[in-house]
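Descriptive structure summary
Each chain, written out:
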Amino acid sequence: MRDTGYLTDDGLATALFCAARLGQPLLLEGEAGVGKTSAALALATALDTRLLRMQCYEGIDIAEAVYEWNYPRQLLAIRVAEAAGGPIATGDLFDRDFLIDRPLLQALAHPGPRPAVLLIDEIDRADEHFEAYLLEMLAEKSVTVPELGTLRATVPPICILTSNRTRDVHDALKRRCLYHWIEHPDVARVVRIIRSRVPGVDEALATAVAAAAARLRTLDLQKPPGTAEVIDWLRALQVLGHPTLDADTAAATLGSVLKYKEDQEAAIAAGLRRLIGV
């Protein structure tokens, strides 16, 4: 994982290793910005295999996540048959060749030799009925298409699910998964992450920014800053030519790390000089 640029701890590395070796889905939970999605991307890179990502949202359905029938192609087949003067059977129209694979079915159909990494991102944003639909796929690595029957994985994918915990996922889904909660990394690891993502950055500035972000997370914020926001903050300081972090530069660049007006007001009220440690 380190070779991909993703710096993890032993707990997350162990969870990913077990998911890959045991073939069980892994549910990663944690606050936004702690690196859940990036962990799946790094795993696919480390294994040198295909990544298939399904972004969940309210209202997502089977046609967008699993499969849908290619209706224009079916209509064309009917017209070709009519032009040739011959009938076409219903079964011929609902053949595997007329099926459009979406991310879940693409993952099951992946030929290998290494399993694909299937990222089901932000499962907590999907509706509960869609979450229930996933149970067959996660437990048996298969999906059922009424017209074709059950389609099973050629090489079962490594399934990584992420959740920001905007709602609790159902116990039935959790029972099928390994589980790991990702905490915000400590200041020392954030500094290592920054230095790996922003080559040539001054270590003292990286440490100051990482420590300031950690203090901001102690406030009652709507969206505590994650590692991505810390990197954005540092890059903003670099672009503006600020070699150090002080109260004035923090106030000028606060929009890089805090994305809600109320959060910025809370930080200012708490005292920027105290929060940045000067």
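What comes next is a walk through the structure. (Residues numbered from 1 in each chain as written. Predicted model: local features only at pLDDT ≥ 70, side-chain atom pairs only at ≥ 80, totals over all residues. Heavy atoms only, no water.)

1. Let's talk about the overall build of the chain
Here is the rule we go by: The secondary structure listing takes helices from DSSP runs of H or I that are at least 4 residues long and strands from runs of E that are at least 2 residues long, numbered from the N terminus. Relative accessible area decides the class of each residue, using a 1.4 Å probe on protein chains only: under 20% of the type maximum gives buried, over 50% gives exposed, and in between gives partly exposed. Working rule for contacts: check all heavy atoms of both residues, and any pair within 4.5 Å makes them a contact. Here the open area of atoms and residues is found with the Shrake-Rupley method and a 1.4 Å probe, where only the protein chains shown may cover a residue.
Of the regular secondary structure elements, the chain holds 14 helices and nine strands. Here the chain holds 278 residues, and 45% of them are scored as buried. Sequence-distant contacts in the chain: of pairs separated by 6 or more residues, those separated by 24 or more amount to 75%. As displayed, the chain offers around 14,000 Å² of accessible surface, 52% of which is attributable to carbon and sulfur atoms.

2. Remarks on the side chain of threonine 49
Rules: Contacts described as polar in this section are N or O atom pairs within 3.5 Å, which, within protein, must combine one atom able to donate a hydrogen with one able to accept it, while residues neighboring in sequence count only if both atoms come from side chains.
Summarising the element assignment, threonine 49 is placed in the loop between α2 (36–47) and β2 (51–55). Of note is the side chain of threonine 49, whose polar atom sits 2.8 Å from the backbone oxygen of proline 115.

3. Things to note about the packing of aromatic side chains
Cut-off, in case you're wondering: Pairing of aromatic rings covers Phe, Tyr and Trp, the last through its six-membered ring, and needs centres within 6.5 Å; plane angles under 30 degrees mean stacked, over 60 mean edge-to-face, and all others mean tilted. In our convention, an over-ring charge means Lys NZ or Arg CZ found within 6 Å of a ring centre and within 35 degrees of that ring's normal.
Here the structure, examined in full by the defined rule, presents one aromatic pair. The interplanar angle of 85 degrees and the centroid separation of 4.9 Å between the aromatic rings of tryptophan 69 and phenylalanine 94 together place this pair among those described as edge-to-face. One end of the pair, tryptophan 69, is in strand β3 (residues 67–69); the other, phenylalanine 94, is in the loop between α5 (90–93) and β4 (99–101), and 25 residues separate them in sequence. Since its relative accessible area comes to 5%, tryptophan 69 is described here as buried. Between the NZ or CZ atom of arginine 73 and the centre of the ring of phenylalanine 98, over which it lies, the distance is 5.2 Å.

4. Description of the environment of aspartate 9
Note on placement: aspartate 9 falls in the segment before α1 (10–22). A relative accessible area of 34% places aspartate 9 in the partly exposed class.

5. Regarding unusual backbone geometry
Omega for the bond connecting glycine 112 with proline 113 falls within 30 degrees of zero, at 10 degrees, which places this linkage in the cis form. By secondary structure assignment, the location of proline 113 is in the loop between α6 (103–109) and β5 (117–121). Non-glycine residue lysine 141 carries a positive phi angle of around 50 degrees. Relative to the helices and strands, lysine 141 is located in the loop between α7 (128–140) and β6 (142–145). Assessed through its relative accessible area of 10%, lysine 141 is described here as buried.

6. Remarks on the pattern of salt bridges
Stated precisely, the cut-off is as follows: A pairing counts as a salt bridge when a side-chain nitrogen of Lys or Arg comes within 4 Å of a carboxyl oxygen of Asp or Glu.
In this structure the tally under the stated criterion is 11 salt bridges. Close ionic contact of arginine 195 with glutamate 203 constitutes a salt bridge, the shortest N to O distance being 3.2 Å. Taking relative accessible area as the criterion, arginine 195 reaches 41% and is therefore assigned partly exposed. Bridged by salt links that share partners, the residues Glu29, Arg165 and Asp168 form one connected network.

7. Considerations on the environment of aspartate 220
Along the chain, aspartate 220 turns up in the loop between α10 (203–216) and α11 (227–239). Residues aspartate 220 and alanine 267 lie 47 residues apart in sequence; the distance between their C-alpha atoms is 9.4 Å.

8. Here we look at the nonpolar core
In a soluble, globular protein the nonpolar side chains are often hidden away together inside. Selection rule: Remark: nonpolar core denotes a set of buried residues (Ala, Val, Leu, Ile, Met, Phe, Trp, Tyr, Cys) joined through side-chain atoms within 4.5 Å.
With 37 residues, the main nonpolar core has Leu104, Ile120, Ile123 and Leu138 as its most contacted residues. Looking at this core, the elements with two or more residues in it are β2, β3, α6, β5, α7, β6, β8 (158–163) and α8 (171–175). No other element matches the five residues that α7 contributes to this core. Leave out the neighbours within four places in its chain, and leucine 104 touches Met54, Ala65, Val66, Leu118, Ile120, Leu134 and Met137. Leu7, Val191, Trp233 and Leu254 belong to the second largest nonpolar core, which has 31 residues in total.

9. Quick word on the pairing of β8
Short version of the rule: Strands were regarded as paired on the criterion that DSSP finds at least two bridges between them.
Judged by how many residues are buried, β8 sits mostly within the fold: six of six residues are covered. Of the two faces of β8, both are covered, the one formed by Ile158, Ile160 and Thr162 as well as the one formed by Cys159, Leu161 and Ser163. Direction of pairing for strand β1 (residues 26–29) relative to β8: parallel, over a ladder of four bridges. Following the sheet pairing, glutamate 29 is matched in β8 by serine 163.

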